[in-house]
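Structural features, examined
Chain residues, written in single-letter form:
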Amino acid sequence: MSYRKRSIYIFKVTAIAVAVCLIPNLTFAFGPPRYHYESLESVIQKTELALIVSVITTEEVVDGHKMVLHLDARRINSIFGSLPNKNVIKCVFIEDKPDDPYMRGKDGKIIGRRMPADIYTSGSGLEFRISAGDKVILFLESDETLPEGHTRLLRIEPIGRQDQIKELIK
């Protein structure tokens, strides 16, 4: 093999190796936002009341840079904390909204991509995927600043994690 052919071959192999190494990093950097979920143990420390409930209604609202979940649920049982006097619990979960990953010109056309911001949440990732009739565990924190006596919802866990949660609170 001549020196020139060998150099071209080495250049091609190197270019392929660099592309294979960079593509996953670029996909990660310019992919969807990265969610950072607070640990269940940490959320339990802030929780005043953990309830098993049946979801009655959910309403999702986008409010500026926030996603808000309004949830009404029927109390079934308490895991810990003092039981509320009412059977229907009204609560609100608030999470940062992912920004538009595209940079847009004055005419609204896409002109590029930007790195999405990381989102830090006390949620489990289940909050915006539940619907009426689901039985779940709510982790609630009282907060007087929420409208109309709603309670701040810190996290939702599937009903199947009840035993694990009870072990964590011992």
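Going by the structure above, here's the rest.
My aim in this report is to walk through the structure given alongside it, one point at a time. Keep in mind the model is a prediction, meaning the values are calculated, not measured.

Quick notes on the sheet that holds strand 8 (residues 135-141)
Sheet architecture is closed into a barrel: five strands sit in the order 2-3-4-9-8, paired in mixed fashion. This sheet shows a mean twist of 50° between the axes of neighbouring strands, independent of strand direction. Relative to strand 9 (residues 151-158), strand 8 runs antiparallel, the two being bridged by six bridges. If you follow glutamate 141 over to strand 9, its bridge partner there is arginine 152.

Considerations on the packing of aromatic side chains
For the structure shown, the criterion picks out one aromatic pair. On the basis of an interplanar angle of 65° and a centroid distance of 5.8 Å, the ring pair of phenylalanine 93 and phenylalanine 128 is categorised as edge-to-face. Of this pair, phenylalanine 93 sits in strand 4 (residues 88-96) while phenylalanine 128 sits in the loop between strand 7 (119-121) and strand 8; the two residues are 35 residues apart in sequence, bridging distant segments of the chain. Each member of the pair, phenylalanine 93 as well as phenylalanine 128, is classed as buried.

Some words on the nonpolar core
The biggest cluster of nonpolar side chains holds 18 residues, and the ones touching the most others in it are Leu71, Val136, Leu138, Leu140, Leu153 and Ile156. For this core, the secondary structure elements donating two or more residues are strand 2 (49-63), strand 3 (66-80), strand 4, strand 8 and strand 9. When near neighbours in sequence (up to four residues on either side) are disregarded, leucine 71 contacts Val55, Thr57, Thr58, Ile89, Lys90, Cys91, Ile130 and Leu138. Formed by 11 residues, the second largest nonpolar core is a distinct cluster that contains Val43, Ala50, Ile137 and Phe139.

Thoughts on the pairing of strand 2
Note: strand 2 against strand 8, six bridges, orientation antiparallel. Of the residues in strand 8, the one forming a bridge with leucine 51 is leucine 138. Sheet topology places strand 2 next to strand 3; 13 bridges connect them, and they run antiparallel. From the neighbouring strand, leucine 51 faces strand 3, where its bridge partner is serine 78.

How each quantity is defined
Residues numbered from 1 in each chain as written. Predicted model: local features only at pLDDT ≥ 70, side-chain atom pairs only at ≥ 80, totals over all residues. Heavy atoms only, no water. Pairing = 2+ DSSP bridges. Helix = DSSP H or I, 4+ residues; strand = E, 2+ residues; numbered from the N terminus. Axes fitted to C-alpha atoms, helices over the stretch in contact; angles between N-to-C directions. Phe/Tyr/Trp six-rings, centres within 6.5 Å; stacked < 30°, edge-to-face > 60°. Buried < 20%, exposed > 50% of the residue type's maximum accessible area, 1.4 Å probe, protein only. Core = buried A, V, L, I, M, F, W, Y, C linked by side-chain atoms within 4.5 Å. Contact = heavy atoms within 4.5 Å.

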